[in-house]
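# Structure at a glance
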Amino acid sequence: MLKCLTVVAAAVAAVAAVAAVAASVGLYTDELTADKTFLTKQKQIYDLLCHVDQAPIAHPELYAEAKAYSIESNVDAYFPKAAVRDFLSLYAKGFLPRGEIFSIYYPKVLEEFKALYYLFYYAKDYETFYKTACWARANVNEGQFVVAFYLAVIGRPDTHYVQLPPPYEIYPYAFYNSEVLEKAHHAKLEGKREGKNAYSGLETYVIPANYSGWYLYKEGDHEQRLNYLTEDVGWNAYYFYYRLSSPFFLSSEDLPGSTAYRGEQYLFGHKLFLARYFLERLSNDLGGIEDFDWNREFYPGYYPTMTYHNGLPFPQRTSWSLVPRYKFKYLKEAQEAESRIVAAIDSGYAFDGNGKLVGIDTPEGANVLGNLIEGNQDSCNRRFYGSFDYLARKVFGYNFEPSQPYRLNPSALESFASSPRDPAFYRIYERINGYYFRYKKRFEPYTEKELLYPGLKIESFVVDKLTTYFDQFDAAIDNAIAVESQAEAASYAIKARQYRLNHKPFNFHLAIVSDKPAKVAFRVFLGPSFGYRNKFYDFADAYPYFYELDFWIADLNAGVNKIERNSRDAYFTIPDQESSDIYYKKILKALEGAETFTYKERVYGFPQRLLLPKGKKEGMPFQFFVYASEVTGEPVRYESRVWGNILLDRRPFGFPLDRPFRYDFAGPNSYFKDVLIYHKDDYDVNATF
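Numbering of residues begins from 1 in every chain and follows the order in which that chain's sequence is written. It should be noted that, the model being predicted, local features are given only for residues of pLDDT at least 70 and side-chain atom pairs only at 80 or more, the latter also being counted only at that level, while totals for whole chains, interfaces and linings use all residues. Side-chain numbers here rest on the full set of heavy atoms in the structure, without hydrogens or water.

Low-pLDDT stretches of the model should not have their predicted coordinates read in fine detail. Here pLDDT means the predictor's own confidence in every residue, given as a number from 0 to 100. Within the chain, residue pLDDT values average 89, and 92% of them lie at 70 or more. For residues 1–27, every residue scores under 50 in pLDDT, and the model assigns this stretch 123 contacts once sequence neighbours within four places are set aside. Any two residues having at least one pair of non-hydrogen atoms within 4.5 Å are treated as being in contact. Low pLDDT, under 50, characterises residues 531–535; the stretch is placed with zero contacts to residues that sit more than four places away or in other chains.

See the structure below:
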């Protein structure tokens with residue numbers, strides 16, 4: 001059901017009718033003014049995540065709190081108490097030591113991580129949660145602490161919409177090359193001194209950050225053309241939050257917000273992520289994502305040029321290499337899982353844990369399928385179907401198995417934050433996307449009656465000129481640098497400066513004629529260009545690669561209605577997060593009463609600046625598809641602690657492009673628009689467009 005993009009947050013439609021102003025029904029996250037209680041929590045959350053690897057030095061008052069607090073003496077402050085007992089039992093046997101590398105893709109480490117998360121989540125009140133976090137910051141592995149803390153802040157009712165620092169500023173090692181971080185250690189020698197920041201007052205040093213391809217260029221490795229997207233810190237942070245919003249290791253009962261369709265959201269969310277990536281491939285003349293054979297050479301290599309905080313390099317994979325022998329265990333299990341998934345799709349039935357058949361050719365079938373492919377806690381039979389997602393990452397990571405339980409060398413695929421950097425990530429999800437559409441093709445295409453909306457016609461759809469360019473983006477990477485004191489940590493900022501893709505804001509204008517007042521849902525898709533004279537892609541093949549760029553619900557009047565929307569209104573997007581040093585200063589000023597502090601009812605979203613693919617200097621053809629449908633019954637309220645809240649209609653995910661789409665059924669309530677996307681080089685981005 002289109003609860004549209006698990007990555008969702010809604011947008012307020014600016015809908016103006018010629019006869020009268022039409023009211024918007026799409027619910028966007030409200031902007032609220034913070035009170036002192038919220039500001040205090042906001043400051044404490046940022047303090048707890050500052051230099052977690054140097055707990056005694058950075059914010060020593062937190063370290064003192066940690067020393068003074070005893071979990072054993074406060075068992076009654078947690079409910080259920082079993083969460084405390086389970087944690088203490090595991091902790092007594094030994095946890096992942098501080099300083100070691102953390103990954104949730106190792107069962108023993110995951111078990112410990114979940115125990116820590118439950119300890120955070122089941123603290124009875126905020127004060128207990130805060131003291132528990134102070135204790136954990138000083139006593140458990142830094143990676144375990146950070147991810148469990150992020151997850152708990154997102155989920156707890158008393159930290160509703162408290163903002164978290166950008167993950168690329170908390171653990172830069174997963175987002176930047178080792179060359180950048182090595183220079184950061186000598187920032188005063190190798191960085192560019194920019195003086196004191198006008199707002200934060202901190203002495204600022206800037207390190208230029210290139211993408212990995214510039215240093216290890218490999219002839220014939222065309223994937224490196226996409227590094228500006230796959231290594232974009234916003235792109236990767238989005239995926240980190242996307243997977244953290246419904247992590248596979250928690251059941252629906254342990255997740256806040258709307259979870260009824262988590263399996264379908266898993267499939268559809270990856271489908272949209274992949275479609276956006278595919279459009280970037282077209283902009284770089286790379287074409288489709290090639291398939292792979294488990295038993296033949298795997299085409300894309302991966303040379304991350306990254307190191308973990310302990311100096312261990314990220315594993316690499318040579319191009320055109322066979323799966324190594326030490327991965328055969330996972331290879332065999334992945335092939336078995338795949339055959340069982342395909343059997344379930346083709347038969348229309350899956351086995352539950354009792355051996356009974358569960359029909360999947362139903363409205364809930366995509367949810368069942370997504371759960372068993374991901375292998376999450378809601379899978380109908382995890383023992384039988386396993387987790388194809390987990391196994392494929394294990395196979396193509398090419399990293400060695402740990403010689404001891406805590407001596408991990410995870411691949412980039414074994415972290416939500418770094419997964420999208422590896423080209424193998426997109427091949428894995430193209431395979432999963434294939435399962436999704438194999439399943440969808442079991443259903444007949446929508447009939448003309450189901451697609452047409454009598455009494456409504458989209459008269460016109462006009463889009464401003466679409467222009468992309470590269471600009472510079474600064475992110476604080478201080479957390480990767482050792483400090484000698486809290487005073488030193490608070491005296492300067494080290495920032496990585498990187499070119500990233502952006503686009504000029506644009507408007508689109510709709511004119512709609514309705515024969516009666518109506519509540520209407522609008523969907524705007526962007527996809528590959530095809531057409532009568534310039535047939536790049538046939539729509540029958542291209543429809544899976546249209547991604548939903550915007551969605552809203554509006555009340556239309558009888559007669560002509562005009563709608564204007566800006567690219568900034570896109571329902572699931574956010575602007576770039578402010579750098580931590582700036583954001584933290586705003587918190588302090590608000591606590592002092594010098595400024596007003598506002599926040600939105602969401603934690604994250606898709607980077608606003610990545611709505612459009614790069615295009616080409618001479619202009620590259622793409623196509624918009626606009627579809628309007630009547631909202632019948634009350635809209636569904638989708639709630640997400642990460643993405644915010646939105647009112648949705650009762651349609652399937654991706655409707656009407658969730659099934660094979662007959663182009664000849666395009667009626668007056670749909671509209672195709674050919675457009676060109678122009679890319680301006682950095683030296684003329686300020687030219688008049």
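Attention shifts here to the sheet that holds strand β20 (residues 670–679). Sheet strands pair by backbone hydrogen bonding; their relative direction is either parallel or antiparallel. Here a strand pair is declared whenever DSSP counts at least two bridges between the two strands. Each helix is a run of H or I in the DSSP string that is no shorter than four residues. Each strand is a run of E no shorter than two, and both are numbered from the N terminus. The strand order across the open sheet formed by eight strands is β3-β4-β9-β8-β20-β17-β11-β12, and the pairing between neighbours is mixed. Each having just a single partner strand, β3 (192–196) and β12 (547–556) make up the two edges of the open sheet. Taking the axes of each pair of neighbouring strands and ignoring which way they run, one obtains an average angle of 30 degrees across the sheet. Bridge count between strand β17 (residues 620–630) and β20: eight bridges; the pairing is antiparallel. By the bridge assignment, M620 is partnered in β20 with I677. The angle between two axes is taken between their N-to-C directions and runs from 0 to 180 degrees, where each axis is a line fitted to C-alpha atoms and a helix contributes only its stretch in contact.

As a further point, take helix α17 (residues 423–440). Compared with an ideal rise of 1.5 Å per residue, which puts 18 residues at 26 Å, α17 spans 26 Å between its outermost C-alpha atoms and is within 8% of the ideal. Each residue is placed in one exposure class: buried if its accessible area under a 1.4 Å probe, protein chains only, is under 20% of its type's maximum, exposed if it is over 50%, and partly exposed if it falls in between. Most of α17 sits inside the fold, with 16 of its 18 residues counted as buried. Polar contacts here mean pairs of N or O atoms no more than 3.5 Å apart (in protein, one a potential hydrogen donor and the other a potential acceptor; neighbouring residues in sequence count only if both atoms are side-chain atoms). If you check the start of α17, you find a side-chain oxygen 2.9 Å away from the backbone N of A424, and it comes from D422. A helix is expected to span 1.5 Å multiplied by its residue count minus one.

The geometry of helix α14 (residues 365–374) relative to α17 is characterised by a closest axis approach of 11 Å and an angle of 155 degrees between their N-to-C directions. When the axes of α14 and α17 are compared, the pair comes out roughly antiparallel. You can see that α14 and α17 cross each other, and the crossing is right-handed. Between α14, through G365, A366, L369 and I373, and α17, the contact on the second element is made entirely by I432, Y435 and Y439. The cut-offs work like this: below 35 degrees is roughly parallel, past 145 is roughly antiparallel, 65 to 115 is roughly perpendicular, and the gaps in between are oblique. Left-handed is the label given to a crossing in which the near helix is rotated counterclockwise from the far helix by less than a right angle, and right-handed is the label when the rotation is clockwise.

As a further point, take the pairing of strand β8 (residues 466–476). With nine of its eleven residues buried, β8 lies for the most part within the structure. The pairing of β8 with β20 spans three bridges and is classified as parallel. Note on β20: the bridge partner recorded for T467 is Y678. Relative to strand β9 (residues 492–503), β8 runs antiparallel, the two being bridged by nine bridges. Bridging across to β9, T468 finds its partner in H503.

Core analysis: the biggest nonpolar cluster contains 220 residues, and F145 and F396 have the highest contact counts within it. No other element matches helix α12 (residues 262–283), which puts eleven residues into this core. Apart from the residues within four sequence positions on either side, F396 is in contact with F292, W294, F298, R317, V323, L413, A424 and I428. What is meant by a nonpolar core is a set of buried Ala, Val, Leu, Ile, Met, Phe, Trp, Tyr and Cys residues, joined one to another through side-chain atoms within 4.5 Å.

A negative phi angle characterises most non-glycine residues, just as the trans form characterises most peptide bonds. A cis amide bond, omega 0 degrees, links F79 with the succeeding residue P80. As for its placement among the helices and strands, P80 is situated in the loop between α2 (60–68) and α3 (82–93). Cis geometry is adopted by the peptide bond preceding P656, which originates at F655 and carries an omega value of 5 degrees. One non-glycine residue with positive phi stands out, namely W320, at about 55 degrees. The residue W320 is located in the loop between α12 and α13 (328–347) in this model.

Right, let's get into the side chain of S321. Mapped onto the elements, S321 comes out in the loop between α12 and α13. Excluding its chain neighbours within four sequence positions, the residues that come into contact with S321 are R296, E297, F298 and Y398.

Here we take up the environment of R602. The residue R602 is located in the loop between β15 (598–600) and β16 (606–607) in this model. Between the C-alpha atom of R602 and that of D30, which follows or precedes it by 572 residues, the distance is 8.8 Å. Within the structure, R602 has its side chain in polar contact with the backbone oxygen of Y604 (distance 3.4 Å).

A word on the pattern of salt bridges. Basic side-chain nitrogens of Lys or Arg form a salt bridge, by our definition, when they fall within 4 Å of a carboxyl oxygen of Asp or Glu. In total, this model carries 41 salt bridges according to the counting rule given. For R431, the salt bridge is made with D291, and the minimal N-O distance between the two is 2.8 Å. One end of the pair, R431, is in helix α17; the other, D291, is in the loop between α12 and α13, and 140 residues separate them in sequence. Looking at R431, the relative accessible area reads 13%, which means it is buried. For D291, a relative accessible area of 59% translates into the label exposed. Measuring nitrogen to oxygen at the nearest pair gives 3.3 Å for the salt bridge that ties D581 to K495. One end of the pair, D581, is in helix α21 (residues 580–591); the other, K495, is in strand β9, with 86 residues separating them in the sequence. Taking relative accessible area as the criterion, D581 reaches 11% and is therefore assigned buried. Shared partners join several salt bridges into a network, and the residues in it are D232, D471, R500, D576 and R609.

With that settled, consider the side chain of E142. If you trace the backbone, E142 turns up in helix α6 (residues 142–155). For E142, a relative accessible area of 13% gives the class buried.

Let's shift gears to helix α11 (residues 233–244). A rise of 1.5 Å per residue sets the reference length of α11, with its twelve residues, at 16 Å; its end C-alpha atoms lie 16 Å apart and thus fit the reference within 8%. Buried within α11 we find V233, G234, W235, N236, A237, Y238, Y239, F240, Y241, Y242, R243 and L244. The N-cap residue of α11 is D232: its side-chain oxygen and the backbone nitrogen of G234 are 2.7 Å apart.

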